[in-house]
Amino acid sequence: MIIQKTENSRISTFDPNNFSFGDTFIDHMIICEYENGKWGDVKLVPYGPLQFTPAMMGVNYGQACFEGMKAYKDKDGQVFLFRPEKNFERINKSAKRLAIPEVTEEMFLDGLKALVDLDRAWIPQGEGMSLYLRPLIFATEEVLKARVSNKYMFAIVASPAKSYYTEPVSVKISDHYSRAASGGVGSAKAAGNYAASFYPTQLAIEEGYEQIIWTDDATHEYFEESGTMNVFVRINDTIYTPPTSEKILDGVTRDSFIQLAKKRGIEVKVEPIAVKDVVAAQKNGTLKEVWGVGTAVVTTIFQALGYNGDKLALPSLSDEESYAAILKSDLVNLQNNLSEDTFGWRVLVEKQVLETV
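Every value quoted in this text rests on a predicted model; they were computed, and no experiment measured them.

Definitions and limits used
- Residues numbered from 1 in each chain as written.
- Predicted model: local features only at pLDDT ≥ 70, side-chain atom pairs only at ≥ 80, totals over all residues.
- Heavy atoms only, no water.
- Helix = DSSP H or I, 4+ residues; strand = E, 2+ residues; numbered from the N terminus.
- Polar contact = N/O pair within 3.5 Å; in protein donor to acceptor, adjacent residues only side chain to side chain.
- Contact = heavy atoms within 4.5 Å.
- Buried < 20%, exposed > 50% of the residue type's maximum accessible area, 1.4 Å probe, protein only.
- Pairing = 2+ DSSP bridges.
- Axes fitted to C-alpha atoms, helices over the stretch in contact; angles between N-to-C directions.
- Parallel < 35°, antiparallel > 145°, perpendicular 65-115°, else oblique.
- Left-handed = near helix turned anticlockwise from the far one by under 90°.
- Nonpolar A, V, L, I, M, F, W, Y, C, P; charged D, E, K, R; others polar.
- UniProt positions renumbered as here; feature names shortened; annotations may be inferred.
- Core = buried A, V, L, I, M, F, W, Y, C linked by side-chain atoms within 4.5 Å.
- Domains from an automatic or database assignment.
- Buried area = accessible area lost by both parts, 1.4 Å probe.
- Salt bridge = Lys/Arg side-chain N within 4 Å of Asp/Glu carboxyl O.

Visitor: Would you mind showing me how to read the side chain of N193 here?
Guide: With respect to the element layout, N193 can be found in helix α4 (residues 191–206). Within the local environment of N193, its side chain forms a polar contact with the backbone oxygen of V185, the two atoms lying 3.0 Å apart. Engagement of the side chain of N193 in a polar contact is seen with the backbone oxygen of A188, the distance being 3.0 Å. In this structure, N193 is in contact with R179, V185, G186 and A188, ignoring residues within four places of it in sequence.

Here you go:
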């Protein structure tokens, strides 16, 4: 790894009690270029702009995918990643679907650890605090031809993060727009998937909702995801979540919730969730809660579902009653080294002496 440390650290300007998520960036980033059929050296360099033109193929033809993950700092200042091997597996799954060359484990995991180690001072400490990490791959060849690119960049950038979407939200069950289609790229974390979701989300916001529950493209009769999250439904004391497929992202937080629920002895059914069944459960009082999960938000609890012009209210549960809140607490405690990690999910980032090359 080639390391170039910044001579102008901005850490003194960072106020961990007053910052906004997503537009505050740490001092360094990882970059690695692909050319002539192979990846080059991984470089840890000062964060900043890169030189590209509007002819870059990633912008024109959409060969771009990314991951979302976090680093956590415990009360003793130790720093941990959470299940990073799952993100490594998924970014390569996304890359393969988009005809992008896969990255190596060394590039991904060693790059993450080196970046987090060098800029560990940027990781805020405390409840809900973390460092959001964004590994991404995008086509960089500058040519206006609709074909697979011959050049790419792998990069990792990072931004301090805190809790958001903390209040329960209202979501609209989509009856027209879909996030993904059979045979498409729904199971890939492709940049274009997010772009396509913005317009329907804007329409839902105009109707008084904060997000959308995406339904299947063929019939709009089954739940798939919610906004940028995987979705869970609790009917009586059973949790339901749709199975992953070529249309549904295999979320790390989703998998963690399922395993944590099973550890508690909560029944989890991974099966299709029919809209009519959820509506019927709301009518007869057996629908206890619906929520979304994802890396950035961890958990967002829904207070109402929009369906056929009606806003269906959901119960307001205490943290002791809510499976969503209980499982979120279990997960956050694991991530922040506040509980025993019986799953082996935490990965300690050792302090290293990084030499400039």
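Text resumes after the structure shown.
Visitor: Please clarify how the side chain of T201 should be interpreted in this entry.
Guide: Inspection of the secondary structure puts T201 in helix α4. Accessibility expressed as a relative area gives 12% for T201, which makes it buried.

Visitor: What exactly am I supposed to notice about the pairing of strand β13 (residues 229–235) here?
Guide: Looking along a regular strand, one sees the side chains alternate between the two faces of the sheet. Counting buried residues along β13, 7 of its 7 residues qualify, which places the element largely inside the surrounding structure. With 2 bridges connecting them, strand β12 (residues 223–226) and β13 associate as antiparallel partners. From the neighbouring strand, S226 faces β13, where its bridge partner is M229. From the end of β12 to the start of β13, which pair antiparallel, there are 2 residues, and G227 there has a positive phi angle of about 60°. In the sheet, β13 pairs with strand β16 (residues 287–294) via 6 bridges, with the strands oriented antiparallel. Looking at the pairing, V233 lines up with V290 of β16. Alignment of β13 against strand β14 (residues 238–241), held across 3 bridges, turns out to be antiparallel.

Visitor: In this structure, what is going on with the environment of V233? I would like to understand it.
Guide: Relative to the elements of secondary structure, V233 occurs in strand β13. A relative accessible area of 0% places V233 in the buried class. The contacts of V233, once residues within four sequence positions are left out, are F223, T238, I239, Y240, I273, V278, L287, E289 and V290.

Visitor: I would appreciate a short explanation of the packing of helix α2 (residues 84–97) against helix α3 (residues 105–118) in the present structure.
Guide: What describes two packed helices is the angle between their axes and the distance between those same axes. As a packed pair, α2 and α3 sit with axes 10 Å apart at the nearest point and diverge in direction by 140°. Between α2 and α3, the interaxial angle falls into the category oblique. Seen from above, α2 lies across α3 with right-handed handedness. Every residue of α3 that contacts α2 at P84, E85, N87, F88 and I91 is listed here: E105, F108 and L109. Tallied by class, the residues present in the contact of α2 with α3 amount to 5 nonpolar, 1 polar and 2 charged.

Visitor: Just checking my understanding: could you explain the UniProt feature "modified residue: N6-(pyridoxal phosphate)lysine" (unreviewed entry) in the protein for this structure?
Guide: This chain's UniProt record puts "modified residue: N6-(pyridoxal phosphate)lysine" (unreviewed entry) on K189. On the secondary structure map, K189 appears in the loop between β10 (169–173) and α4. A residue is classified by how much of its surface remains accessible, and K189, at 10% relative accessible area, is buried. When neighbours within four sequence positions are excluded, K189 is seen to be in contact with A64, C65, F66, E67, G68, R90, S94, Y194 and L249.

Visitor: Would you explain the nonpolar core in this entry?
Guide: Looking at soluble globular proteins, one finds that nonpolar side chains tend to be buried together. Counting 45 residues, the largest nonpolar core has W39, V103, F108, V116, L133, I137 and F154 as its most contacted members. Secondary-structure elements contributing two or more residues to this core are β2 (28–35), β6 (69–73), β7 (79–82), α2, α3, β8 (130–139) and β9 (152–161). When neighbours within four sequence positions are excluded, F108 is seen to be in contact with M69, P84, N87, F88, I91, V103, P135, F154 and I156. Core analysis: the second largest hydrophobic core is formed by 22 residues, I235, V279, A281 and V290 among them.

Visitor: I keep staring at the pairing of β2 and nothing clicks. Help me out?
Guide: Of all 8 residues that make up β2, 6 are buried, and the element is covered over most of its length. The pairing of β2 with β9 spans 5 bridges and is classified as antiparallel. What sits directly across from I30, in β9, is I156. In this structure, β2 lies alongside strand β3 (residues 38–39), joined through 2 bridges in antiparallel fashion.

Visitor: How do you make sense of the domain arrangement of the protein when you look at a structure like this?
Guide: The extent of an interface is frequently quoted as the accessible surface area lost upon association of the parts. On domain assignment, one finds that the protein holds domain 1 (2–164) and domain 2 (169–336). Domain 1 and domain 2 are separated by 27 Å when their C-alpha centres are compared. Across the contact, 23 residues belong to domain 1 and 23 residues belong to domain 2. Around 2100 Å² of area is buried between domain 1 and domain 2 when both sides are counted, 56% of it from carbon and sulfur atoms. For the interface between domain 1 and domain 2, the tally reads 1 salt bridge. For the pair domain 1 and domain 2, the number of links is 12 residue pairs in polar contact (both at pLDDT 80 or more). Taken together, the elements giving at least two residues each to the side of domain 1 that touches domain 2 come down to β5 (64–66), β6, β7 and α2. The biggest single contributor to the side of domain 1 that touches domain 2 is α2, with 6 residues. Residues belonging to the side of domain 1 that touches domain 2 are distributed by class as follows: 11 nonpolar, 3 polar and 9 charged.

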